[in-house]
Amino acid sequence: MAIKVFIKRHIKEGNVEKAVAMLEEFRDMAKKEMGFIAGETLINHYDSRSITVVSTWRTIEDWVRWQSSDNRSGNEAKIEALLEVPTKYEIYDIGAPPKRTGT
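As a starting point, this report considers the structure included with it. Remember, predicted model here, so these are calculated numbers, not experimental data.

Here we look at the overall build of the protein
Link 1 in the chain: Scanning the protein from terminus to terminus reveals three helices and four strands.
Link 2 in the chain: Listing the helices and strands of the protein from first to last along the sequence gives β-α-β-β-α-α-β.
Link 3 in the chain: Overall size of the protein, expressed as C-alpha extent along the three principal axes, is 50 × 30 × 20 Å.
Link 4 in the chain: Within the protein, counting contacts between residues at least 6 apart in sequence, those at least 24 apart form 71% of the total.
Link 5 in the chain: For the protein, the exposed surface amounts to about 6,600 Å²; the carbon and sulfur share of it is 53%.

Below, the structure written as structure tokens:
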């Protein structure tokens, strides 16, 4: 089942342009990963330091593989230096909730 990943970040003052450029580079890398479907960067209209990246993945396993990859981890460490607070992740299933066994 496809998923959407919302990655929410609040950037330190004076670092928005640098952060957006880095996020665009990260998305270019993610596009090459198995299971990546689409991605976009949303910048809050009223607070440009509030940035949400939304990506769509074929499966949760595809996302987890990318999230835990050395390539992504190294880049994530770079952007963390630009943040006021830690990154927040929210993962949503697209469509009907997955069937759970034993319920």
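Here the narrative resumes.
Remarks on the packing of aromatic side chains
Link 1 in the chain: Tallying each qualifying case throughout the model produces four aromatic pairs.
Link 2 in the chain: With a centroid separation of 6.3 Å and 45 degrees between ring planes, the pair formed by Trp 63 and Tyr 89 is classed as tilted. One end of the pair, Trp 63, is in helix H2 (residues 60-67); the other, Tyr 89, is in strand E4 (residues 88-93), with 26 residues separating them in the sequence.
Link 3 in the chain: Trp 63 gets classed as buried once you look at its relative accessible area, which sits at 2%.
Link 4 in the chain: Grouped by ring-pair contacts, the aromatic residues Phe 36, Trp 57, Trp 63 and Tyr 89 constitute a single cluster.

So, a nonpolar patch on the surface
Link 1 in the chain: Taken together, the side chains of Ile 60, Val 64 and Ile 91 make up a nonpolar region of the molecular surface, amounting to roughly 220 Å² of accessible area.
Link 2 in the chain: Mapped onto the elements, Ile 60 comes out in helix H2.

Examining the pattern of salt bridges
Oppositely charged side chains are able to pair whenever their charged atoms sit close together.
Link 1 in the chain: Tallied over the full model, the rule gives ten salt bridges.
Link 2 in the chain: Where Glu 90 meets Lys 8, a salt bridge forms, and the shortest distance between an N and an O atom there is 3.8 Å. You can see Glu 90 sitting in strand E4 and its partner Lys 8 sitting in strand E1 (residues 3-10), a full 82 residues away along the chain.
Link 3 in the chain: For the salt bridge of Arg 49 with Glu 84, the shortest nitrogen-to-oxygen distance reads 2.6 Å.

Some thoughts on the packing of helix H1 (residues 16-30) against helix H3 (residues 70-80)
Helices that pack against each other are described as a pair by the angle of their axes relative to one another and the distance between those axes.
Link 1 in the chain: Running from N to C, H1 and H3 point in directions that differ by 175 degrees, and their axes come no closer than 11 Å. Our classification of the angle between H1 and H3 gives roughly antiparallel. Along its contact with H1, which presents Ala 19, Met 22, Leu 23, Phe 26 and Met 29, the element H3 presents Asn 71, Asn 75, Lys 78 and Ile 79.
Link 2 in the chain: Looking at the contact of H1 with H3 residue by residue, the class counts come to six nonpolar, two polar and one charged.

Focus on H3
Link 1 in the chain: Listed as buried for H3 are Arg 72, Asn 75, Glu 76 and Ile 79. Buried residues of H3, viewed axially, fall in a sector of 105 degrees; they line one side. Exposed and oriented more than 90 degrees from the buried face of H3 are Asp 70, Ala 77 and Lys 78.
Link 2 in the chain: Taken together, the buried residues of H3 touch E1, H1, H2 and E4.

Conventions adopted
- Residues numbered from 1 in each chain as written.
- Predicted model: local features only at pLDDT ≥ 70, side-chain atom pairs only at ≥ 80, totals over all residues.
- Heavy atoms only, no water.
- Helix = DSSP H or I, 4+ residues; strand = E, 2+ residues; numbered from the N terminus.
- Contact = heavy atoms within 4.5 Å.
- Areas by Shrake-Rupley, 256 points an atom, 1.4 Å probe, with all protein chains shown as cover.
- Phe/Tyr/Trp six-rings, centres within 6.5 Å; stacked < 30°, edge-to-face > 60°.
- Buried < 20%, exposed > 50% of the residue type's maximum accessible area, 1.4 Å probe, protein only.
- Patch = residues over 30% accessible without salt bridge, like charges linked within 9 Å, V, L, I, M, F, W, Y side chains within 5 Å.
- Salt bridge = Lys/Arg side-chain N within 4 Å of Asp/Glu carboxyl O.
- Axes fitted to C-alpha atoms, helices over the stretch in contact; angles between N-to-C directions.
- Parallel < 35°, antiparallel > 145°, perpendicular 65-115°, else oblique.
- Nonpolar A, V, L, I, M, F, W, Y, C, P; charged D, E, K, R; others polar.
- Arc of directions from axis to C-beta.

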